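Chain and residue survey
So you can see what is in the structure, the chains are spelled out below.
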Amino acid sequence: MSIEQPYIDLYNKHKQAINNNSSLVLNNARDDAFANFQRLGFPTAKEEEFLYTDLSKAFATDYGLNINALKIPINPYEVFRCGVPGIHSHLYFIVNDQFYSNLTQKSTLPQGVLIGSLKEFAKTHSDLVANYYAKIADTQHDATVAFNTAFAADGFFLYVPKGVKIENPIQLIKVMRADVDLMANSRDLIIIEEGAQANLLVCEHTIDKMNFLCNRVTEVFVGKNASYEHYKLENTHTKMTHISSLFVHQETASNVLVNEVVLHNGLTRNNVTILLNGEHAETTLCGMVIGDKTQHIDNHTFIHHAKPNCKSRELYKYVLDDSARGAFSGKILVAKDAQKTEAFQTNKNICMTKEARMNTKPQLEIYADDVKCSHGATVGQLDENALFYLRSRGISEAEARMLLMFAFVDDVIEKINVPALKDNIRLLVEKRFRGELSKCEGCASCK
Amino acid sequence: MLTIKNLHANVNGKEILKGIDLVVKPGEVHAIMGPNGSGKSTLASVLTGNPAFEITEGDISFYGKNLLDLLPEDRAREGVFLSFQYPVEIPGVSMVNFMRTAINEQRKYKGLEPMSASDFLKMMREKKEYVELDNKLANRSVNEGFSGGEKKRNEIFQMAMLEPRLSILDETDSGLDIDALRIVATGVNKLKSSENSTIVITHYQRLLDYIVPDFVHVLYKGRIVKSAGKELAYELEEKGYDWIKKELGE
Ligand SMILES: Nc1ncnc2c1ncn2[C@@H]1O[C@H](COP(=O)(O)OP(=O)(O)O)[C@@H](O)[C@H]1O
Ligand SMILES: [Mg+2]
């Protein structure tokens with residue numbers, strides 16, 4: 001039997017239950033997406049875009065799916081007394097694949113802002129959600145996105161109307177919690193209208209020591225002159241497979257920052273697709289990976305310059321120890337009439353051991369002639385001269401390595417614009433390098 | 001305090017040091033001179049434990065301890081300091097963090113508590129004065145974007161911070177104009193005491209006008225071929241190294 005077959009059977013048998021626990025807008029997209037998934041199948045290493053990460057294998061585990069949306073006994077506030085001190089965020093939770101609706105800390109948000117369960121807003125504001133839902137997520141060519149669109153019943157919804165600015169960051173904590181091996185498909189939809197502004201911090205955690213797979217899709221629309229920052233912090237155990245597909249659509253003169261930090265994980269595939277669809281739009285895409293043991297991290301990015309005068313900056317850094325595997329693919333496409341494009345991409349990697357492996361693939365496709373584009377990728381070791389210099393001042397070898405690794409990733413941390421978050425990530429990264437972060441901060445599972 | 005006996009060292013399988021003997025007593029200043037490539041920096045690297053160099057024969061004892069048994073960081077904590085001929089740039093590591101870590105690791109080694117933040121900053125301020133190090137430099141990454149002269153001053157600043165018992169200054173004068181040379185030399189002299197010793201590596205005599213040596217040694221092809229008082233430096237300045245080569249019958 002193929003890896004797909006159990007999921008095909010599951011869908012055919014339980015489609016009604018999925019629909020019953022979701023809403024019309026989401027349900028309307030299911031069958032087409034499912035047909036696409038059936039046509040595509042799970043991606044294998046035979047496909048160019050999955051050369052270094054065979055996702056089909058990850059789906060072979062016999063996971064349960066919470067098709068009937070049974071409530072999971074959990075108090076996320078208890079579990080996550082976190083996390084980022086002094087951040088003053090608006091706090092929300094996704095437990096596995098469902099929005100956690102039992103919020104006790106109600107935050108005051110500006111007039112007109114909608115925030116909460118995607119499933120619920122798809123009922124109460126169906127026109128708004130239908131206008132955006134599954135519009136930029138690629139269900140045609142991307143099997144995991146199609147799969148998500150077929151199975152996802154709920155997720156997070158954020159709507160910031162024209163001109164409204166949310167000052168404090170919104171924090172969305174996603175936890176995997178179950179007593180059996182579990183898969184979660186959740187879906188986020190974020191709409192930042194013209195001139196509006198918001199920052200979102202997504203934290204990914206695992207609570208129980210089970211095999212987990214999460215397949216998450218996020219669609220973000222950023223209107224004219226709007227500004228949006230998207231931070232993702234992944235700190236999970238090694239039995240987690242994390243697939244995340246982020247689609248960002250930017251209008252004229254909008255400004256977006258995406259910064260994805262992998263502190264600790266099992267197997268991760270992050271897809272980021274950014275479409276610069278209006279002139280003078282700017283985007284900064286960065287990420288950082290700390291991997292050891294047999295961790296596997298694959299960042300797969302695509303920036304599409306569709307209009308003239310846009311700028312993109314991309315910076316990814318990996319530190320890989322033990323037998324960790326890293327992959328980076330950065331495609332930049334500059335369309336024919338996207339003149340005066342500026343696109344710069346950097347991927348720098350350190351392999352601490354001979355067993356650690358990094359594969360990096362920058363890919364520039366430029367069809368316009370008046371552009372400034374560059375890319376650079378390096379894979380190396382820590383600078384031996386710097387190491388000796390530090391040791392010659394009485395700094396132990398371990399501490400010297402720590403300082404150099406920390407220095408190496410610091411420019412990615414510098415790209416975090418929320419001061420409390422920046423300080424916290426710095427602290428977490430330092431702890432991680434010191435080996436003090438075998439357990440994630442603030443989770444009950446870690447106490 | 002320092003006794004080097006019959007020291008042989010290789011780099012990449014090639015013998016560079018071919019039997020060095022040297023005794024340095026507390027309070028003494030020794031100058032090591034010699035043409036380019038004679039092994040001066042190699043000697044400094046070997047004394048500080050650079051793993052790129054392999055010791056094939058000989059002993060180094062420092063205050064009764066076998067230096068060759070100690071890791072580079074432990075040699076530093078025991079009080080060996082090298083002012084590098086080519087100080088290394090370390091982007092992303094701030095001078096402050098670097099020095100605080102170094103000081104506190106040294107204190108830990110001696111069984112002392114870490115220094116308080118305010119005491120540390122006070123110490124930084126005081127020690128910067130020794131070499132008139134710009135405040136701005138202290139806030140930057142280690143040596144990153146520093147000029148040649150600034151790097152050398154930074155070395156002496158670190159020396160002032162760490163208060164070593166043995167300082168090895170490897171071509172600290174090279175690339176310095178006369179003002180910078182005076183500042184650096186004054187800094188070194190202020191740090192001198194009857195307890196601690198200095199090895200000055202240079203191939204010019206001009207630094208020795210400021211840091212006056214008790215002994216001058218000539219290192220040539222991996223051996224000390226001549227040792228004398230400070231007058232040897234003037235003789236070398238006048239006659240060049242050919243004179244030594246002739247004496248050796250080359
Ligand atoms: N890392 C190294 N690898 C190979 N050869 C080296 C290395 N360091 C020094 N050498 C060689 O060792 C010899 C002595 O060099 P060095 O000690 O730097 O001389 P000095 O400081 O007296 O000018 C030179 O021939 C130099 O090329
Ligand atoms: Mg030299």
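In the block above lies the structure referred to throughout.
Scoring rules and cut-offs
Residues numbered from 1 in each chain as written. Chains lettered and ligands numbered in written order. Predicted model: local features only at pLDDT ≥ 70, side-chain atom pairs only at ≥ 80, totals over all residues. Heavy atoms only, no water. Salt bridge = Lys/Arg side-chain N within 4 Å of Asp/Glu carboxyl O. Core = buried A, V, L, I, M, F, W, Y, C linked by side-chain atoms within 4.5 Å. Buried < 20%, exposed > 50% of the residue type's maximum accessible area, 1.4 Å probe, protein only. Helix = DSSP H or I, 4+ residues; strand = E, 2+ residues; numbered from the N terminus. Contact = heavy atoms within 4.5 Å. Pairing = 2+ DSSP bridges. Buried area = accessible area lost by both parts, 1.4 Å probe. Polar contact = N/O pair within 3.5 Å; in protein donor to acceptor, adjacent residues only side chain to side chain. Nonpolar A, V, L, I, M, F, W, Y, C, P; charged D, E, K, R; others polar.

Time to look at the pattern of salt bridges. Using the criterion set out here, one finds 31 salt bridges over all chains in the structure. Put simply, Arg391(A), Glu397(A), Arg401(A) and Glu73(B) are held in one network by salt bridges that share partners.

Phe156(A), Leu158(A), Val429(A), Leu2(B) and Ile199(B) are the most contacted members of the largest nonpolar core, which totals 178 residues. Per-element accounting of this core gives the leading share, 11 residues, to helix H10 (residues 397-413) of chain A. The contact partners of Leu158(A), leaving out residues within four places of it in the chain, are Val113(A), Leu114(A), Ile115(A), Ile166(A), Ile170(A), Leu189(A), Ile190(A), Ile191(A), Ile192(A) and Ala198(A). By size, the runner-up hydrophobic cluster in this structure holds 22 residues, among which are Tyr7(A), Ala17(A), Phe151(A) and Met183(A).

All names here are of chain B. Within the open sheet, the 4 strands sit side by side as E2-E1-E4-E5. Their pairing is antiparallel. Edge positions in the sheet fall to strand E2 (14-24) and strand E5 (65-66), since each has one partner strand and no second. One ladder, built from 8 bridges, connects strand E1 (residues 2-11) with E2; its direction is antiparallel. Paired with Thr 3 across the two strands is Val 23, which belongs to E2.

The next point concerns the environment of Ile303(A). Residue and element names in this part refer to chain A. Residue placement: Ile 303 occurs in strand E15 (residues 296-305). The class of Ile 303 is buried, set by a relative accessible area of 0%. Linking Ile 303 and Ala 327, residues 24 residues apart in sequence, is a C-alpha distance of 17 Å.

Attention now goes to the interface of chain A and chain B. How big an interface is tends to be expressed through the accessible area that disappears when the partners come together. Taken together, the contact between chain A and chain B spans 17 residues of the former and 29 residues of the latter. Between chain A and chain B lies a buried interface of about 1900 Å² when both sides are counted; carbon and sulfur atoms form 66% of it. Considering only the surface of chain A that becomes buried against chain B, Phe388(A), Tyr389(A) and Arg393(A) emerge as the three largest contributors, covering 42% of it. Across the contact surface, chain A and chain B share 2 salt bridges. In this structure, Arg391(A) engages Glu73(B) in a salt bridge whose closest nitrogen and oxygen atoms are separated by 2.7 Å. Our enumeration of links across chain A and chain B arrives at 10 residue pairs in polar contact (both at pLDDT 80 or more). Looking at the side of chain A that touches chain B, the elements with two or more residues in it are helix H9 (384-391) and H10 of chain A. In terms of residues, the side of chain A that touches chain B owes the most to one element, H9(A), which gives 6 residues. Residue composition of the side of chain A that touches chain B, by class: 8 nonpolar, 4 polar and 5 charged.

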